[in-house]
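Residues per chain are reported as follows:
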Number of protein chains: 4
Amino acid sequence: MSDEKYFKNITPRERAIFEGAITMGALFHQFVGTPVSLESVDSLENAIKTSLELQPCIMHVDVEINREILKDTENEYHYLSLTGDMLDVRVVSEYDGIKIIVRMEYVEDLNYPLMYVEEVD
Amino acid sequence: MSDEKYFKNITPRERAIFEGAITMGALFHQFVGTPVSLESVDSLENAIKTSLELQPCIMHVDVEINREILKDTENEYHYLSLTGDMLDVRVVSEYDGIKIIVRMEYVEDLNYPLMYVEEVD
Amino acid sequence: MSDEKYFKNITPRERAIFEGAITMGALFHQFVGTPVSLESVDSLENAIKTSLELQPCIMHVDVEINREILKDTENEYHYLSLTGDMLDVRVVSEYDGIKIIVRMEYVEDLNYPLMYVEEVD
Amino acid sequence: MSDEKYFKNITPRERAIFEGAITMGALFHQFVGTPVSLESVDSLENAIKTSLELQPCIMHVDVEINREILKDTENEYHYLSLTGDMLDVRVVSEYDGIKIIVRMEYVEDLNYPLMYVEEVD
């Protein structure tokens, strides 16, 4: 069993943080760059959610792509490439009964899509 | 108008080939690596299709991810990362009434996910 | 031989356009999202170039990532995620003696990183 | 200051784990799919290292791409797409004097590129 061999040096809470953080890094770097518009955004949110929920210890992934940015940015081609400032994401991970929530949101003061632990058990 | 300024040096058939090829390269490099299983595969196919159909001159994208590979490859985590050998894709592009189909399929003899023009008007 | 089997329905010029376009689509969607700063930019340009030059028919890839954007955009973390508006790329592809150049550059009028055929034999 | 506002609910050790894990997830999903061969592998390793070392709390990234796989897998095109089974990575992260090492290596028993905390302060 991989848990006993590889993860006995960290606590359950640390394990939940570890897996939630991997999944948030994965989400950003897998999907940033994807073409997206108001027509395709539901489908993309759904695929992000269902694919990342496969990862170890991940209970739930909520993804909101900002429709206002999709509406406001006009170009001849009527779509944009997904960027970090469009994303608001919550990843719920759990290990051994301990649950945490990792959040990513664009923080204007930081000019940066910040990832942090929003809730801890 | 960007077409007159940037694309007057190639024929409509070349333009259709150009746009179909961009989209196939984009598809492979955007989505390879995504976690995928039998539960998530429909959702991922749908997002690939709807996002790539946004690109210029793209009429239709058909994506089939190989369920046999997903079934046969067992690991403790019950999912895989999407690879080129799981993908069978047709991209239909059209410019000025000229339609072409770009295909990607894994060719075992070549050990390579080959992209080629399957049909030309 | 794959060329005779898969590519006999298109001309050498179309083949060069096809391969150049695949590589440009690949480049954008593989590397957009990568963390980049003034310290790492040479290394990233080099890896983009050497990896994409491996693709079929690709003779040369020139990548310039816009240093002004890297300098001007300040945040607490001193790096950005690579986006299409930072990229100026030329891909030289050749098939059977016919050479073409595919260009990608950010066109402000279009608010879009446009890919087009810059030169044809 | 973002640390006080966003990270006061976790310990320094948890913060180091959090940032190391994000970076490992980012690395996998940013670079898997990149064309790679024996000629380009040094350049790709270098770009992975320098780009991921930009992320918060990351002191050091060591990446080894398996040359044996690159040598053994022959195809007409003389390159492969980067996959998880080629990667052996160590990410050293540090927060407030507490250092941890996140490792990714392909574990044959698991048929999976496992990410785990290899060392903790």
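Since we're looking at a predicted model, the values are computed, not measured.

1. Considerations on the interface of chain A and chain D
1) Next: On the chain D side, the residues contacting the 23 residues of chain A number 23 residues.
2) Next: When the residues that make up the side of chain A that touches chain D are grouped by side-chain class, the tally is 16 nonpolar, 6 polar and 1 charged.

2. Thoughts on the relation of the copies chain A and chain D
1) Next: Superposition of chain A onto chain D requires a rotation of 180° combined with a translation of 0.0 Å along the rotation axis, giving an RMSD of 0.0 Å. Expressed as a symmetry operation, the mapping of one chain copy onto the other fits a two-fold axis.
2) Next: Both copies present the same face, since 100% of the interface residues in chain A are matched by interface residues at the equivalent positions in chain D.

3. Thoughts on the environment of A:A16
1) Next: Mapped onto the secondary structure, A:A16 falls in helix α2 (residues 12-31).
2) Next: When the C-alpha atoms of A:A16 and A:V92 are compared, they prove to be 8.7 Å apart, with 76 residues separating the residues in sequence.

4. Some points on the interface of chain B and chain C
1) Next: Across the contact, 23 residues belong to chain B and 23 residues belong to chain C.
2) Next: Elements with a contribution of two residues or more to the side of chain B that touches chain C: α1 (2-6), α2 (12-31) and β6 (112-120) of chain B.
3) Next: Per-element accounting of the side of chain B that touches chain C gives the leading share, 12 residues, to α2(B).

5. A short note on the relation of the copies chain B and chain C
1) Next: Relative to chain C, chain B is turned by 180° and slid 0.0 Å along the rotation axis, the superposed coordinates differing by an RMSD of 0.0 Å.
2) Next: Interface overlap between copies: 100% of the residues of chain B at the interface are likewise at the interface in chain C, consistent with a symmetric, same-surface contact.

6. Focus on the pairing of strand β5 (residues 98-107) of chain A
Residues and elements named next belong to chain A.
1) Next: Summarising the sheet, strand β4 (residues 87-95) and β5 pair through 8 bridges and their orientation is antiparallel. Residue pairing for β5: Y95 is matched across the bridge by I98.
2) Next: Hairpin remark: β4 followed by β5, antiparallel, with 2 residues in the connecting loop; positive phi at D96, about 55°.
3) Next: As paired strands, β5 and strand β6 (residues 112-120) are joined by 8 bridges and run antiparallel to one another. Residue V107 lies in a different strand from β6, and its bridge partner there is Y112.

7. Description of the confidence of the model for chain A
Note: predicted coordinates in regions of low pLDDT should not be interpreted at a detailed level.
1) Next: Averaged over every residue, the pLDDT of chain A is 95; the share at 70 or more is 99%.
2) Next: Reported confidence for the predicted complex is 0.96 by ipTM and 0.97 by pTM.

Thresholds, definitions, all that
Residues numbered from 1 in each chain as written. Chains lettered and ligands numbered in written order. Predicted model: local features only at pLDDT ≥ 70, side-chain atom pairs only at ≥ 80, totals over all residues. Contact = placed C-beta atoms within 7 Å. Nonpolar A, V, L, I, M, F, W, Y, C, P; charged D, E, K, R; others polar. Least-squares fit on C-alpha atoms with pLDDT ≥ 70 in both. Helix = DSSP H or I, 4+ residues; strand = E, 2+ residues; numbered from the N terminus. Pairing = 2+ DSSP bridges. pLDDT = per-residue confidence, 0-100.

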